[in-house]
Amino acid sequence: MPLNAPNILTLLRIALIPVFVLVYFLPVSWANVGTAGFFLLAALTDWLDGYLARRWNQSSAFGAFLDPVADKLMVAAALIMIVANPGLHPPLLSTSLFSIVVLVIIGREIAVSALREWMAEVGKRKSVAVSVVGKFKTGVQMVAILLLLYERPIIGISAFRAGELLLYVAALLTLWSMGVYLKAAWPELTRTEDDAR
């Protein structure tokens with residue numbers, strides 16, 4: 001495992017997960033601000049490690065494996081702990097719908113990871129490389145989670161409500177991007193053994 005700057009930042013992102021989870025459940029007035037701050041720091045390391053890996057030509061197989069794992073752990077941890085605390089700010093529509101949206105987002109991450117792993121095995125990994133829709137989805141999702149964690153009003157607007165609405169948008173983008181990846185992989189997924197010969 002090359003301990004270069006990008007990989008250290010990725011490991012730091014994983015280390016920040018239990019920190020923001022712990023802070024979220026602290027019985028203190030600044031818990032939401034602290035949680036949002038640690039989540040933002042983790043999200044920034046995601047951008048920075050990729051930038052440094054390209055800038056300093058420090059890409060590695062370990063980094064390529066660990067970076068998406070760190071991202072998915074971070075998102076899943078944040079969404080699960082928000083769902084685990086429904087009494088704080090009841091969702092606009094219903095707690096059940098909010099939970100389903102979270103399940104869709106986390107389920108999509110698992111499914112796409114499995115799809116990419118399988119496509120890599122058949123030598124078609126580039127067919128399911130990150131798409132523009134996927135990148136946009138990730139951006140909307142990160143902002144949504146940050147607002148949900150921050151909770152406090154921003155210029156008179158509830159950060160939690162804004163984050164909730166953005167999370168619904170992120171869920172729609174999640175389904176769209178999933179469709180894009182499935183469409184790209186479909187020829188391989190439906191190929192028979194006779195086709196492979």
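Our subject is the structure that appears above.
Just so you know, these numbers come straight off a predicted model, no measurement behind them. (Residues numbered from 1 in each chain as written. Predicted model: local features only at pLDDT ≥ 70, side-chain atom pairs only at ≥ 80, totals over all residues. Heavy atoms only, no water.)

### Some remarks on unusual backbone geometry
A negative phi angle characterises most non-glycine residues, just as the trans form characterises most peptide bonds.
Part 1 of the argument: In this structure, Asn57 takes a positive phi of about 55 degrees despite not being glycine.
Part 2 of the argument: Within the fold, Asn57 resides in the loop between helix H2 (31-55) and helix H3 (61-83).
Part 3 of the argument: Backbone geometry places Glu151, a non-glycine residue, at a positive phi of 70 degrees.
Part 4 of the argument: Among the secondary structure elements, Glu151 is positioned in the loop between helix H5 (132-150) and strand E1 (153-154). (Helix = DSSP H or I, 4+ residues; strand = E, 2+ residues; numbered from the N terminus.)

### Some words on the pattern of salt bridges
Part 1 of the argument: Scanning the entire structure with this criterion turns up eight salt bridges.
Part 2 of the argument: Between Arg13 and Asp67 there is a salt bridge; the shortest N-O distance is 2.5 Å. With a gap of 54 residues between them, Arg13 in helix H1 (residues 5-24) and Asp67 in helix H3 connect regions that are remote in the sequence.
Part 3 of the argument: Given the relative accessible area of 0%, Arg13 is considered buried.
Part 4 of the argument: Linked through salt bridges whose partners overlap, the residues forming this network are Arg13, Asp46, Asp49, Asp67 and Asp71. (Salt bridge = Lys/Arg side-chain N within 4 Å of Asp/Glu carboxyl O. Buried < 20%, exposed > 50% of the residue type's maximum accessible area, 1.4 Å probe, protein only.)

### Regarding H5
Part 1 of the argument: Here H5 contains 19 residues, and its C-alpha end-to-end distance of 27 Å stays within 8% of the 27 Å for a straight helix at 1.5 Å per residue.
Part 2 of the argument: Residues of H5 that are buried: Val133, Gly134, Lys137, Val140, Gln141, Met142, Ala144, Ile145, Leu147, Leu148 and Leu149.
Part 3 of the argument: Of the residues one or two after H5, Glu151 is the one with positive phi, at around 70 degrees. (Expected span 1.5 Å × (residues − 1).)

### Some details on the packing of aromatic side chains
Part 1 of the argument: Applying the stated criterion across every chain yields a total of three aromatic pairs.
Part 2 of the argument: Judged by centre distance (5.6 Å) and plane angle (75 degrees), the rings of Phe20 and Phe39 are edge-to-face. Remark: Phe39 occurs in helix H2 and Phe20 occurs in helix H1; sequence separation between them is 19 residues.
Part 3 of the argument: Residue class for Phe20 comes out buried when judged on its relative accessible area of 0%. (Phe/Tyr/Trp six-rings, centres within 6.5 Å; stacked < 30°, edge-to-face > 60°.)

### Side note on the nonpolar core
Part 1 of the argument: Core analysis: the largest hydrophobic core is formed by 29 residues, its most contacted members being Phe20, Phe39, Leu79, Leu149 and Leu167.
Part 2 of the argument: Here this core takes eight residues from H3, the largest share from any one element.
Part 3 of the argument: Apart from the residues lying within four places of it in its own chain, the contact partners of Leu79 are Val102, Ile105, Ile106, Ile145 and Leu167. (Core = buried A, V, L, I, M, F, W, Y, C linked by side-chain atoms within 4.5 Å. Contact = heavy atoms within 4.5 Å.)

### Remarks on the environment of Ala77
Part 1 of the argument: Residue placement: Ala77 occurs in helix H3.
Part 2 of the argument: Separated by 57 residues in sequence, Ala77 and Phe20 have C-alpha atoms that sit 9.2 Å apart.
Part 3 of the argument: If we skip the residues at most four places from it in the chain, Ala77 touches Ile17, Phe20 and Val21.

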